[in-house]
Amino acid sequence: MTSAFFELEKIKNVGLLYLNRPEKRNAMNWPFWRDLPNWIQKIDEDPTIHCFVIAGKGKSFSTGLDLEEFFAEFKEVVQGEFGEGREKLMQLILTMQKGINAVYNSKKPSIALVQKHCIGGGLDLVSACDIRYASEDAVFSLREAKVGIVADMGSLQRLPHIIGQGNTRELALTGKDITGEEALRMGLVTKLTKDFDSLLEAGLATAHEIAENPTVVIRGVKQILNQGIGKTIDDGLDYVAVWNASMLDTLEFRRAIEGFMERKRPKFNPETRVD
């Protein structure tokens, strides 16, 4: 399945969503912002997809917002006069946030695979994913300060929970580039690979490992982790207690208990899962 910016493949129970504008290093023009929420909705509504991977075709993951094309199309909105014009710009920003938010809020776990450039909006996108891997040539930058913009697509809100306040503030205030090794050291990514082929192989292997687990449990783990951000430990424990009181006794949980009693590792058949 393809569109002006995206291409979706399915490999068993894993969705592989490509940013597909390689001739522009996957710079994010309007079709990216317009269509991303719809593609995540397709993934969410497909019961055969249990986990999804986001990768970029070509030499780079993404160089971020296509400034030239974006401002050519939305110049009047960006430079609108009076309160009415400011309101239109605010609505445009909120509309653009929907796709990145959809990745973060998806009930399906996501893995970002970064090769070469991951700049500005690209970093917004990967910060909304659950897991991030990169190739050794990766370069990350929270670049907005260098082009006169306060980052408004989620990096400033999500990165502190991934790499801490100190690292986030340094990246945001300087707009500097960091290497894949630096990203690994600060916890922005959890794995580095030699090149894109090995990156894709590693990402898909993890995605398939996730997809083999019970889908209700996968959804629950992600929801519990997201819900716990900004909450106390006690709040989180109360929430997971309510979750398990409601969801623990699934068909797959009963199958797991039977397997353990028979000293056999349970195998969860995707065709019999209840989604």
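Placed above this text is the structure.
Model, not experiment: these values are computed from the prediction.

We now examine the overall build of the protein. Summing up its helical and strand segments, the protein has ten helices and nine strands in all. Scaling as 2.2 N^0.38, a compact globule of 275 residues should have a C-alpha radius of gyration of about 19 Å, and the protein matches this with 20 Å. Taking the principal axes of its C-alpha atoms as reference, the protein extends roughly 70 × 40 × 35 Å. Scored against the burial criterion, the 275 residues of the protein give a buried share of 45%. When contacts within the protein are restricted to residue pairs at least 6 apart in sequence, those whose partners lie at least 24 apart make up 69%. For the protein, the accessible area works out to roughly 14600 Å², and carbon and sulfur atoms hold 54% of it. The centroid of the 35 positive side-chain charges in the protein is displaced by 2 Å from the centroid of its 39 negative side-chain charges.

The tendency in soluble globular proteins is for nonpolar side chains to be buried side by side. F32, L125, F140 and L188 are the most contacted members of the largest nonpolar core, which totals 49 residues. Residue contacts for L188: discarding those within four places in its chain leaves L123, R132, F140, L159, I162, I163, I178 and A183. In this structure, L16, C51, L113 and A207 belong to the second largest nonpolar core, which totals 17 residues.

A few words now on a nonpolar patch on the surface. A grouping of L67, F71 and V147 is seen on the molecular surface, where their side chains present a nonpolar patch of about 220 Å² in accessible area. Secondary-structure assignment places V147 in the loop between β7 (139–141) and α5 (155–174). The exposure class assigned to V147 is partly exposed, which follows from its relative accessible area of 42%.

Counted by the stated rule, this structure contains zero disulfides. There is no disulfide at C51, and the cysteine sulfur nearest it, in C129, is 9.9 Å away. Judged by its relative accessible area of 0%, C51 is buried. The thiol of C118 is unpaired, and the distance to the nearest cysteine sulfur, on C129, comes to 9.4 Å. On the accessibility criterion, C118 (0% relative accessible area) is buried.

So, on to empty space enclosed by the protein. Going through the model one piece at a time under the given rule, you end up with one cavity of 30 Å³ or more. Considered as a void within the structure, the largest cavity measures approximately 40 Å³ in volume. For the largest cavity, the full set of lining residues is I49, H50, K107, K108, P109, T215, I218 and R219. Classifying every residue of the lining of the largest cavity gives three nonpolar, two polar and three charged.

Here the structure, examined in full by the defined rule, presents eight salt bridges. Residue K10 pairs with D46 through a salt bridge whose shortest N-O separation is 2.9 Å. With K10 in strand β1 (residues 6–11) and D46 in the loop between α1 (30–45) and β3 (51–56), this pair connects stretches of sequence that are 36 residues apart. The exposure class assigned to D46 is buried, which follows from its relative accessible area of 15%. With a shortest N-O distance of 2.8 Å, D66 and R21 are connected by a salt bridge.

Moving on to the sheet that holds β7. Taken in spatial order, the three strands make up an open sheet running β5-β7-β8, and their pairing is mixed. At either end of the open sheet lies a strand with only one pairing partner, and these are β5 (117–119) and β8 (177–179). Ignoring strand direction, the axes of neighbouring strands in this sheet form an average angle of 20°.

What follows is about the pairing of β3. With six of six residues buried, β3 is to be regarded as a mostly interior element. Side chains C51, V53 and A55 of β3 all project onto a buried face; the interleaved residues F52, I54 and G56 project onto the opposite face, where all are buried too. Note: strand β2 (residues 14–19) against β3, six bridges, orientation parallel. Residue pairing for β3: Y18 is matched across the bridge by A55. Note that the unit made of β2, α1 and β3 has a crossover that is right-handed. For β3 and strand β4 (residues 110–114), the ladder comprises three bridges, and the chain directions are parallel.

With that out of the way, let us pick up a negative patch on the surface. Where like charges cluster on the molecular surface, the negative patch consists of E136, D137, E181, D195, D197 and E201. Structurally, E136 is set in the loop between β6 (131–135) and β7.

Quick notes on the rules
Residues numbered from 1 in each chain as written. Predicted model: local features only at pLDDT ≥ 70, side-chain atom pairs only at ≥ 80, totals over all residues. Heavy atoms only, no water. Helix = DSSP H or I, 4+ residues; strand = E, 2+ residues; numbered from the N terminus. Rg over C-alpha atoms; globule rule 2.2 N^0.38 Å. Buried < 20%, exposed > 50% of the residue type's maximum accessible area, 1.4 Å probe, protein only. Contact = heavy atoms within 4.5 Å. Areas by Shrake-Rupley, 256 points an atom, 1.4 Å probe, with all protein chains shown as cover. Lys, Arg positive; Asp, Glu negative; His and termini not counted. Charge placed at Lys NZ, Arg CZ, Asp CG, Glu CD. Core = buried A, V, L, I, M, F, W, Y, C linked by side-chain atoms within 4.5 Å. Patch = residues over 30% accessible without salt bridge, like charges linked within 9 Å, V, L, I, M, F, W, Y side chains within 5 Å. Salt bridge = Lys/Arg side-chain N within 4 Å of Asp/Glu carboxyl O. Disulfide = S-S within 2.5 Å. 1 Å grid on protein atoms, 1.4 Å probe; cavity = no way out; pocket = protein on both sides within 12 Å on 5 of 7 lines; lining within 4 Å. Points joined across faces, edges and corners; volume = space filled by probe spheres on them. Nonpolar A, V, L, I, M, F, W, Y, C, P; charged D, E, K, R; others polar. Pairing = 2+ DSSP bridges. Axes fitted to C-alpha atoms, helices over the stretch in contact; angles between N-to-C directions. Right-handed = clockwise from strand over helix to strand, strands pointing away.

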